[in-house]
Amino acid sequence: EVANQVLASWGCNDSLPTLPEFVDLTVLREMDDAVLANLTQMTKLEIARRRENGHHSYVAWLKGVPTAYGWVATRSAHVGELDLSFQLPSRHLYLWDFVTLTPWRGLGIYPHLLQQILKTEIINRDRFWIVRAPENQASGRGITKAGFQPVGKLSFLKHERGVGLISNRSFNALEDALLLGVKILYPAMIHTVAPCWRCVLALKRSGSTSEPNVGQGSVDAVGVRTRQLARFCSGQSNYYKFRNGHE
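Residues numbered from 1 in each chain as written. Predicted model: local features only at pLDDT ≥ 70, side-chain atom pairs only at ≥ 80, totals over all residues. Heavy atoms only, no water.

The element strand E3 (residues 55-62) is largely enclosed, with a buried count of eight among its eight residues. The side-chain alternation of E3 yields two buried faces, one formed by His 55, Ser 57, Val 59 and Trp 61 and the other by His 56, Tyr 58, Ala 60 and Leu 62. Pairing geometry for strand E2 (residues 25-30) and E3, over six bridges, is antiparallel. Among the inter-strand pairings, Leu 25 is bridged to a residue of E3, identified as Leu 62. For E3 and strand E4 (residues 65-73), the ladder comprises eight bridges, and the chain directions are antiparallel. Within the sheet, the bridge partner assigned to Val 59 lies in E4 and is Tyr 69. From the end of E3 to the start of E4, which pair antiparallel, there are two residues, and Lys 63 there has a positive phi angle of about 55°. (Buried < 20%, exposed > 50% of the residue type's maximum accessible area, 1.4 Å probe, protein only. Helix = DSSP H or I, 4+ residues; strand = E, 2+ residues; numbered from the N terminus. Pairing = 2+ DSSP bridges.)

A low pLDDT means the predicted coordinates there should not be read in detail. For the protein chain, the mean per-residue pLDDT works out to 77, and 71% of the residues sit at or above 70. The model gives residues 189-204 a pLDDT under 50, and that stretch makes 58 contacts with residues more than four places away or in other chains. Between residues 209-247, whose pLDDT stays under 50, and residues either more than four places distant or in other chains, the model counts 79 contacts. (pLDDT = per-residue confidence, 0-100. Contact = heavy atoms within 4.5 Å.)

Now for the pattern of salt bridges. Considering all chains together, one arrives at four salt bridges under this definition. Arg 127 is the salt-bridge partner of Asp 14, the closest N and O atoms lying 3.4 Å from each other. Of this pair, Asp 14 sits in the loop between strand E1 (5-11) and E2 while Arg 127 is found in strand E8 (residues 127-132), placing the two residues 113 residues apart along the sequence. Asp 33 serves as the salt-bridge partner of Arg 51, at 2.9 Å between the closest nitrogen and oxygen. Note that Arg 51 is positioned in helix H2 (residues 44-52) and Asp 33 in helix H1 (residues 33-40), a separation of 18 residues in sequence. Note on Arg 51: relative accessible area 23%, which makes it partly exposed. (Salt bridge = Lys/Arg side-chain N within 4 Å of Asp/Glu carboxyl O.)

This brings us to the packing of aromatic side chains. In this structure the tally under the stated criterion is three aromatic pairs. A centroid spacing of 5.8 Å and a plane angle of 50° characterise the contact between Trp 10 and Phe 128, whose relative ring orientation is tilted. With Trp 10 in strand E1 and Phe 128 in strand E8, the pair connects residues that are 118 residues apart, well separated along the chain. Considering the side-chain rings of Phe 86 and Tyr 94, the 5.7 Å spacing of their centres and the 80° angle between planes classify their relative orientation as edge-to-face. Of note, Arg 50 hangs over the ring of Trp 71, and the distance from its end group to the ring centre comes to 4.9 Å. (Phe/Tyr/Trp six-rings, centres within 6.5 Å; stacked < 30°, edge-to-face > 60°. Lys NZ or Arg CZ within 6 Å of the ring centre and 35° of its normal.)

Encoded structure:
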């Protein structure tokens, strides 16, 4: 079985499922770096750097106790498992680095946290993105309960540099791929992806130039190419705006 990162999305025209009422649970955007540092075990410098790069956070409080948190990217995003970086269109957000603290796992806090972020941010946004590891089934259930729909799967390419999107959506597949700066793959092309994203990433970080049982070459972060976008956007809607390069 090919190990992929699962990509999901929710938009302003999509339905929002009704979740069971969760008494005494409050989700708020967190502005206090001291609270975040204590909750996330990050340094205040790391938190400040995230804010400078256009990220902000939300915390779920149960009876006044912080139980879960997550981050929202507003300008650019990075999928660490695939070493993939991409720029976000102005009205898109990428949700990442979500954690429910151990004592409160299994209570259903995660979908409430996600959905409240959608309800809060939708005023100025049209599309939300999120990625999860394939082995994290609990995360997948929470994402689905919150209303996100699967877009496809992201995986390292087997015999060339880069990342591919095995898309579930024929209509928006090209736009999805251009947003991420990746190659579109179809089910018949499943043999072109690497069987283990952890192996490829480990080899890349070690500086190895060989990839036994996986393919050839290391994987670099993929950016959106201006020429590709110019060809795609010619005669199309000007709604999607992409920028070249990384933050």
